[in-house]
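Breakdown of the fold
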Amino acid sequence: MRTTRDLKHCENVKLVRHPDVKQATTMLTWILLVLFLAVAGPPAPGQPRGHGQPPPSAEPPPASTPQPILDLARLMSQMNPSGAQEEPTDSADTAVDQSANDYEQSIALTDTGLLDLHVRDLDIDTMLEMLSYEARVNIVTSTSVSGTISANLYNVTLEQALEATLKPNQFAYHVGGNTIFVGTPQEVQALLPPPTTRVFQLRYMSPSEAAEAVKAVLSEDANVVEGGGAVSASSGENDAEMGPAGSDYLIVTDQPERLDAAAELLQILDQRPQQVLIEATVLRATLNESNQFGIDFTLLGGVDFQDVSSVSNASTNLSTGQLPSADLQSTTFNINTDFTGNISGGGFSLGLIKDSIAGFIRALEDVTDVVVVGNPKVIALNKQEGEVIVGRRDGYLTTTVTETAAIQTVEFLETGTQIKFRPIINADGTVRLQVHPKDSNGGLTAANLPFEETTEAHADIIVDDGNTILIGGLFRDRTIRSKSQIPVLGDIPGVGLLFGSENDQTVREEVIILLTVHIIKETSAEQERHRNLLQDVELLRVGLRMGLLATGRERLAQAYYHEAVTQLEKGERDRALLNVRMTLNNLPEHLPALKLKEQLLKQHLWDEDGARMRAFVNELIDSERGVEEPPYDRPPPSVDHLINQRGEQNP
């Protein structure tokens, strides 16, 4: 094993300066020096020159060149050809400088507490030493850690840096206490404690949801087994049957610290879901208005109605018979219209018959106003689908013909008022709702084929808690005008009504769909409203029962029982007992009267049924407990002492 070594080499690697930076620094120093000399001016006559000045015998430079410039030129000529001042370095630093000329190796801690890592072809153990120094953490490596790494990472955590640099080289790490151990996966695995198994009981989450969630905190080698859950006993979409349901749980095998993280996560996620109460109001109003008017007349020439054996139903209509054979030689004619047959039955009728002339007038105005209001209510869990149907289901046969057989199945047409929805409660108190309200009527034709008239809407909306929203509406107005008449004559203004019939029909239909959403908070006020609703339902039941005939056995029993309670409150015990007995005489199974009788008599009512198996289970339980109690609170037999006395008299 190798521990963290002296980081002098790492510091040298990190602090090497690029040649361009050194050259620029040198140039800036000399420029500042020249500016200083230019300001100070040339030296006074007779003043000794500085080191490196030419001897007096040398030829002086031209007067146009200032002395500071000459000094700068002399100093620059003493620099090496690359432009950098020679610096004494040892052989180790020279090798580091040569590698640094190509790429600067560095690991630095930023102001935000994250790491910047820039290395190229650097030994992994050296990189870990630099990382340990910069992050101030304890890192221990095994002898198996070797190789080089090249990476450029910006603003990463220590864990991210280790993951990014170790995984490509097939190494792993483990954090134990305040020390990070780096080695091969097998070496790291040997340091870990053995995996354990834990069972997590789930209250509200499904096992599949919980298993998917805990994967985020478990290791790759973890084993998760889902258990429990409700299993539907039928595959039908609308089948209300439910199959067996057991407790939901997860069996997880992993490292102890991973299991602790999974337990904390499940404690946060496995919370009781909220519930949503949905109330849908579907209003459908239909107005059918029909006006019908028709005139018929019959005119005979050469004969009258009596001659042709005509009959009439109180002058509301006329049916003519056959023309006598003798009148066929005479001149006869007939003018007849038949428009009142287009008028529906009922309404106004006027008839006139005289000799060979008959006239009938029939008029009808029909108004049909239909209003249907559906108001279903249903509660569902958050993000779970809810459905309520109030209506009927009509079954019909469907036949599927194959090459070998014909298979008949029963399908159902559901009509009435129904609502399907899925609520999603948002954090701001609003509810996103996927809803499908429907109000329909229909049935089966004579050919056993289904037909349906429906009003429905599909919506995906957002509603505030407690608000009502309009999610659909329709207004339709249909006008139909039918006219039957004699050609030409029926087109004469005013008089044309005498030669035809007319049927005007107007259909107005209006549909409104409203939706009210309420998030159930289970407060005391809500519970009180629920109890009041339960009391209202009980009052409705009592009201219906009180509407029964007073001479019925049940009504008589109720009357006697109420009287018994009243007499008992007054202290009349005997009269109360009498009314109780009258109650049981009319209704022997009246349970409150039976209990009241026991209280009045201060004794337990019992009857020996003579059965053996009815009390078998109770007797078995009592025998295991070592207790002997009569079943159903029956009194124990009291004849044992008599049997003992008889045995003493007859030894």
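I will try to describe carefully the structure that is included in this document. Given the structure is predicted, the values throughout are model-derived calculations rather than measurements.

**Details of the pattern of salt bridges**
Evaluation of the coordinates by the stated rule reveals 19 salt bridges. For Arg-392, the salt bridge identified is with Asp-394, shortest N-O distance 2.6 Å. One salt bridge in this structure joins Glu-502 and Arg-481, with 2.8 Å as the shortest N-O distance. Of this pair, Glu-502 sits in strand 21 (residues 500-520) while Arg-481 is found in strand 20 (residues 468-485), placing the two residues 21 residues apart along the sequence. Residue Glu-502 is classed as buried on the basis of its relative accessible area of 16%. Overlapping salt bridges bring together Glu-289, Asp-477 and Arg-508 as one network.

**Digging into the side chain of Thr-165**
Relative to the assigned elements, Thr-165 resides in helix 6 (residues 158-166). With residues up to four places along the chain from it excluded, the contact list for Thr-165 reads Met-127, Ile-149 and Leu-153.

**A word on the packing of helix 5 (residues 124-135) against helix 6**
Contact pair helix 5 / helix 6: the axes reach a minimum separation of 12 Å and the direction vectors enclose 175 degrees. In terms of their interaxial angle, helix 5 and helix 6 are classed as roughly antiparallel. Within the contact between the two elements, helix 5 uses Ile-124, Met-127, Leu-128, Leu-131 and Ala-135 and helix 6 uses Leu-158, Leu-162, Thr-165 and Leu-166.

**Regarding unusual backbone geometry**
Even without glycine at this site, Arg-136 takes up a positive phi of about 55 degrees. Here Arg-136 is to be found in the loop between helix 5 and strand 3 (138-141). Even without being a glycine, Asn-155 presents a positive backbone phi close to 50 degrees. For Asn-155, the position within the fold is in strand 4 (residues 148-156).

**Examining the sheet that holds strand 4**
If you walk across this open sheet you meet the 3 strands as 1-2-4, and the pairing is antiparallel. Either end of the sheet is taken by a strand with one partner, and the two such strands are strand 1 (106-109) and strand 4. Strand-to-strand, the axes of this sheet are offset by a mean angle of 10 degrees, without reference to chain direction. Sheet topology note: the strand 1/strand 2 (residues 115-123) ladder contains 4 bridges and is antiparallel. Following the sheet pairing, Ala-108 is matched in strand 2 by Asp-116.

**Structural notes on helix 6**
If you check which residues of helix 6 are buried, you get Leu-158, Ala-161, Leu-162, Thr-165 and Leu-166. Buried residues of helix 6, viewed axially, fall in a sector of 105 degrees; they line one side. In this structure, the buried residues of helix 6 make contact with strand 2, helix 5, strand 4, strand 5 (172-176) and strand 6 (179-183).

**Here's the deal with a nonpolar patch on the surface**
Among the surface-exposed residues, Met-613, Phe-616, Val-617, Leu-620 and Ile-621 lie close enough to one another that they form a single nonpolar patch of about 470 Å² accessible area. Positionally, Val-617 belongs in helix 14 (residues 616-625).

**Digging into the pairing of strand 13 (residues 357-374)**
The side chains of a regular strand alternate, residue by residue, between the two faces of the sheet. The pairing of strand 10 (residues 275-301) with strand 13 spans 18 bridges and is classified as antiparallel. If you follow Phe-293 over to strand 13, its bridge partner there is Ala-363. What sits between the antiparallel neighbours strand 12 (residues 348-354) and strand 13 is a turn of 2 residues, in which Asp-355 has the positive phi angle 55 degrees.

Rules of the game
Residues numbered from 1 in each chain as written. Predicted model: local features only at pLDDT ≥ 70, side-chain atom pairs only at ≥ 80, totals over all residues. Heavy atoms only, no water. Salt bridge = Lys/Arg side-chain N within 4 Å of Asp/Glu carboxyl O. Helix = DSSP H or I, 4+ residues; strand = E, 2+ residues; numbered from the N terminus. Buried < 20%, exposed > 50% of the residue type's maximum accessible area, 1.4 Å probe, protein only. Contact = heavy atoms within 4.5 Å. Axes fitted to C-alpha atoms, helices over the stretch in contact; angles between N-to-C directions. Parallel < 35°, antiparallel > 145°, perpendicular 65-115°, else oblique. Pairing = 2+ DSSP bridges. Arc of directions from axis to C-beta. Patch = residues over 30% accessible without salt bridge, like charges linked within 9 Å, V, L, I, M, F, W, Y side chains within 5 Å. Areas by Shrake-Rupley, 256 points an atom, 1.4 Å probe, with all protein chains shown as cover.

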